[in-house]
Number of protein chains: 2
Amino acid sequence: MTNDAFGACPTPLGRYDRIVLGHGSGGTLSAALVKEIFLAAFDDPTLAALEDQATLAPPPAGHRLAVTTDAFVVSPAEFPGGDIGVLAVAGTVNDLVVGGARPRYLTASFILEEGTPIDLVRRITASMASTSRHAGVAVVAGDTKVVERGKGDGIFVSTTGVGFVPPGRDLSASRARPGDRVLVSGTLGDHGIAIMCAREGLELETTLQSDVAPLGSLVEAMLEASPNIRCMRDPTRGGLASALTEIAEASRVGAKLDEAPIPLKREVRAACEVLGLDPLYVACEGRLVAIVPPEDADATLRAMRAHELGRDAAIVGTIVDTHAGRVSMRAAVGGERFVMRLSGEQLPRIC
Amino acid sequence: MTNDAFGACPTPLGRYDRIVLGHGSGGTLSAALVKEIFLAAFDDPTLAALEDQATLAPPPAGHRLAVTTDAFVVSPAEFPGGDIGVLAVAGTVNDLVVGGARPRYLTASFILEEGTPIDLVRRITASMASTSRHAGVAVVAGDTKVVERGKGDGIFVSTTGVGFVPPGRDLSASRARPGDRVLVSGTLGDHGIAIMCAREGLELETTLQSDVAPLGSLVEAMLEASPNIRCMRDPTRGGLASALTEIAEASRVGAKLDEAPIPLKREVRAACEVLGLDPLYVACEGRLVAIVPPEDADATLRAMRAHELGRDAAIVGTIVDTHAGRVSMRAAVGGERFVMRLSGEQLPRIC
């Protein structure tokens, strides 16, 4: 796009401090938004060519393609430890890396509500750009739509990630086997509780930050320590309980958790008590659960703890050949109970 | 996912006729929505595996990767000739095929408003599934979020398309050269006017249908007739005027349109007069504009007219070495004017 498109005014976006319907028109205002915010932040030559599609290098020989997509509607859009932009990039990257893929490309589409401050769009785009660079992915395609006031809520982001899976990697939720150990990479529920506190104006002793982070380098370190890891999941919506139930269902095995070693921040434990929440269901956005053959569990744990994103990693359970498709937990105070899948809604719009 | 997850009730979704927040929770209700609607309609083994990412065959040797993304917020979600589901698939497929890519995979993420009828979600998903099958793409990954009543508007869909570009194809908006001819594949503005009429309750003499359609087979026929086509675009938001301006800017050339041969339905012409719209700016969703070397123009036109999606194709202009980055039009009644890029918003939420 040449500057001619904008006539004499050097920054046509500068005349607006809030999103108007014209920013989604496909005309001059759309072009200004794209150029002054998105192209400037993402700084990618493929994106800047503004073709209808990004044409990209294919995977190296022997690699498979991995694709994942997510919509993000978190409220509030900015929260302690992150914003919807970091969340979109990290969430999408993490869905790739837990499958053993190396993330390469990202697409982003925005649904903006009329009246949304342009500075908010700018800050969130900057977060996406820096998180993408940190995670080693290029934002190669995008789209923006604007809806009337009251037909959206500020900013929604949908991201799709494309990654390449190196030969020999075969991680799948269907590969858990009795005897395997269940590892988590850090404290549970920080993201969900940080959002709840921000939303409800709840004050904790300290400011709890979301754990949101892209986990590619942690996963690579884990796979180097133990190429036989059966599968990984990031326990987002629905928390550890849902992630583990999905694995138990897909592998037709049971999972037994031990409550005592499950890492929990003191503030999260306290907030869960006040709010009547079970931390097993609260979302993380920078943690993973891994199912690891018993002989590899210690090496994997050491590799996790040596990485800054896995310092609080712990072995929290075992895969068993009883109660297929279900998760049980031995309480710290004794006794065992089934951990049911979340049935209704616990924390709306947590991601 | 096994049936155990749903206990005794055979269709947990059956207890609901409208979307509730729990359908976006990541728990039992989410699983029911995914299984009973999305997996049933899209019927893809990769999607049905419910991993966090789809692992897929890479492009054949020598092919490049093509990726595109779009958010769809069209209102109303169902309109004469299509719905937001057809639109999402066709729009995304078309962004791939105009670059010469063969579409292969699609991802879909949904943002649903609490209270949206589940039957609407079901109909739209069925449309997406049948349009995908028709276009030869597999829906391999998806996501669903639910927002509170008044924070969305029924159903928003974001789709990302992944395609493979065969060796030797090099279509780009920067390749237009003076002397090239400008071809359109059919009547302009049918989609935009069909939406406007549906929205405003405007009655035309006949029921105008949206032109929405995936254009892969038309593009393959055109490239077979003329492998030297410089570039193609689908004139969606902003219409032919914006698509051609983007090409003129990217190629640093001018474009001269002739008004007389531009194909327009009588109803579209009439509605544009009543509504004060210029058909050059009205969106199509099943048309393309192609820039073709002069010696290939007739063969390309014949190939287009022989295809059911190109029956009304016409040569409507020429690329020139004057007024770089701009489009002019010679009116049917004589005289020439510049066709400016759309500046504000003409038809909000047309796609």
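That block above? That's the structure.
Summarised in this report is the structure supplied together with it. Quick caveat, the model's predicted, so the values are computed rather than measured.

1. Section: the sheet that holds strand β1 (residues 54-56) of chain B
With respect to topology, five strands assemble into an open sheet ordered β6(A)-β5(A)-β7(A)-β2(A)-β1(B), the strand pairing being mixed. One side of each edge strand has no neighbouring strand; the edge strands of this open sheet are β6 (138-147) of chain A together with β1 of chain B. Within this sheet the neighbouring strands show an average axis-to-axis angle of 15°, counted without direction. Two elements, strand β2 (residues 64-72) of chain A and strand β7 (residues 155-165) of chain A, share nine bridges in a ladder whose sense is antiparallel. From the neighbouring strand, T68(A) faces β7(A), where its bridge partner is G161(A). On top of the sheet, helix α3 (residues 84-97) of chain A reaches β2, β5 (102-113) and β7 of chain A; it is set at about 145° to β2(A), its chief contact.

2. A short note on a nonpolar patch on the surface
A cluster of nonpolar side chains, namely L202(A), V274(A) and L275(A), defines an oily patch on the protein surface of about 230 Å² accessible area. Turning to its location among the elements, L275(A) is positioned in helix α8 (residues 266-275).

3. Comments concerning the side chain of S172(B)
Looking at where S172(B) falls in the secondary structure, it is placed in the loop between β7 (155-165) and β8 (181-184). Dropping the residues within four chain positions of it, S172(B) is found in contact with E51(A), R230(B) and C231(B).

4. A short note on the relation of the copies chain A and chain B
In screw terms, the move from chain A to chain B is a rotation of 180° and a rise of 0.0 Å along the axis, fitting with an RMSD of 0.0 Å. Those values place the two copies in the arrangement expected of a two-fold rotation axis. Minimal C-alpha separation from the rotation axis in chain A is found for G152(A), amounting to 2.1 Å. Of all interface residues in chain A, 99% are interface residues in chain B too; the two copies therefore contact each other through one and the same surface.

5. A few points about unusual backbone geometry
Here the residue pair S75(A) and P76(A) is connected by a cis peptide bond, since its omega of 0° sits within 30 degrees of zero. Secondary-structure assignment places P76(A) in the loop between β2 and β3 (78-79). With a phi close to 55°, L50(A) is a non-glycine residue in the positive phi region. Here L50(A) lies in the loop between α2 (45-48) and β1 (54-56). With phi around 50°, D43(B) is a residue other than glycine that occupies positive phi space. Positionally, D43(B) belongs in the loop between α1 (28-42) and α2 (45-48). Given the relative accessible area of 59%, D43(B) is considered exposed.

6. Some details on the interface of chain A and chain B
Between chain A and chain B, the contact holds 79 residues from the first and 79 residues from the second. At the surface where chain A touches chain B, the tally comes to eight salt bridges. For R237(A), the salt bridge goes to D143(B), with nearest N and O atoms at 2.8 Å. Every element with two or more residues in the side of chain A that touches chain B is listed here: α1 (28-42), β1, β2, α3, β5, β6, β7 and α7 (239-251) of chain A. Tallying contributions element by element places β2(A) first for the side of chain A that touches chain B, with eight residues. Counted by class, the side of chain A that touches chain B contains 33 nonpolar, 27 polar and 19 charged residues. Sheet topology places β1(A) next to strand β2 (residues 64-72) of chain B; three bridges connect them, and they run antiparallel. In the strand pairing of β2(B), T55(A) is matched with A66(B).

Rules of the game
- Residues numbered from 1 in each chain as written.
- Chains lettered and ligands numbered in written order.
- Predicted model: local features only at pLDDT ≥ 70, side-chain atom pairs only at ≥ 80, totals over all residues.
- Heavy atoms only, no water.
- Pairing = 2+ DSSP bridges.
- Helix = DSSP H or I, 4+ residues; strand = E, 2+ residues; numbered from the N terminus.
- Axes fitted to C-alpha atoms, helices over the stretch in contact; angles between N-to-C directions.
- Contact = heavy atoms within 4.5 Å.
- Patch = residues over 30% accessible without salt bridge, like charges linked within 9 Å, V, L, I, M, F, W, Y side chains within 5 Å.
- Areas by Shrake-Rupley, 256 points an atom, 1.4 Å probe, with all protein chains shown as cover.
- Salt bridge = Lys/Arg side-chain N within 4 Å of Asp/Glu carboxyl O.
- Least-squares fit on C-alpha atoms with pLDDT ≥ 70 in both.
- Buried < 20%, exposed > 50% of the residue type's maximum accessible area, 1.4 Å probe, protein only.
- Nonpolar A, V, L, I, M, F, W, Y, C, P; charged D, E, K, R; others polar.

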